Amino acid sequence: MLDLALDGRVFIDNELDAALQELDLLFNTVNTELIGYPKYGTNFEQFLWQMLPSPNALESYITDKFNDTYFLSKMETSVSVNVTSGEFRNIYEVTIYVTDSNKKIQKRVYQFR
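None of the values given here were measured: they were computed from a predicted structure. (Residues numbered from 1 in each chain as written. Predicted model: local features only at pLDDT ≥ 70, side-chain atom pairs only at ≥ 80, totals over all residues. Heavy atoms only, no water.)

(A) Structural detail: the pairing of strand β3 (residues 105-112). Note that strand β2 (residues 91-99) and β3 share eight bridges and pair antiparallel. Counted as the bridge partner of Thr95 is Val109 from β3. Joining the antiparallel neighbours β2 and β3 is a turn of five residues, in which Lys103 adopts a positive phi near 65°. (Pairing = 2+ DSSP bridges. Helix = DSSP H or I, 4+ residues; strand = E, 2+ residues; numbered from the N terminus.)

(B) Spotlight on the pairing of β2. Strand direction decides the pairing type here: strand β1 (residues 76-84) and β2, joined by nine bridges, are antiparallel. If you follow Val83 over to β2, its bridge partner there is Tyr92. Connecting the antiparallel pair β1 and β2 is a turn made up of six residues.

(C) Quick look at the side chain of Asp100. As for its position among the elements, Asp100 is in the loop between β2 and β3. Lys104 provides the closest opposite charge to the buried, unpaired Asp100, separated from it by 6.2 Å. At a separation of 3.1 Å, a polar atom in the side chain of Asp100 contacts the main-chain amide nitrogen of Asn102. Setting aside its immediate chain neighbours within four residues, Asp100 contacts Leu16 and Met75. (Buried < 20%, exposed > 50% of the residue type's maximum accessible area, 1.4 Å probe, protein only. Lys, Arg positive; Asp, Glu negative; His and termini not counted. Salt bridge = Lys/Arg side-chain N within 4 Å of Asp/Glu carboxyl O. Polar contact = N/O pair within 3.5 Å; in protein donor to acceptor, adjacent residues only side chain to side chain. Contact = heavy atoms within 4.5 Å.)

(D) The arrangement of the pattern of salt bridges in detail. Here the structure, examined in full by the defined rule, presents one salt bridge. The closest approach of N and O atoms between Arg108 and Asp24, which form a salt bridge, is 3.6 Å. With Arg108 in strand β3 and Asp24 in helix α1 (residues 15-27), this pair connects stretches of sequence that are 84 residues apart. Of the residues examined, Asp24 reaches a relative accessible area of 26% and is grouped as partly exposed.

(E) Local environment of the nonpolar core. Counting 28 residues, the largest nonpolar core has Phe27, Leu58, Ile62, Val94, Ile96 and Phe112 as its most contacted members. Of all the secondary structure elements, the ones that give two or more residues to this core are α1, α2 (44-49), α3 (55-65), β1, β2 and β3. Residues contacting Leu58, with those up to four places away along its chain left out, are Phe44, Phe47, Leu48, Pro53, Val81, Tyr92 and Val94. (Core = buried A, V, L, I, M, F, W, Y, C linked by side-chain atoms within 4.5 Å.)

What follows is the structure in structure tokens.
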């Protein structure tokens, strides 16, 4: 059993749930925020709105970040990006499918505005 909660009330007992939590942590951590691992995390504010990447470039960027994780890097993943032009900024919708060794699939959708 793996306990990743701070208060000890929530337990993650399978690798797929741990990988999904890693994904959430990865997307909510800015580069240089984790002491000792300056490359961990995503810097979406700079990457998306200062560089204006194509959907393929964003897919590659996200997929490369999976190598910085423990559980997620061991699973099969699929990333797709849909870009919609917004009034002030583009809207990026990122869909990620994670498949564990038992072929159980989970989907996460993130939207960046």
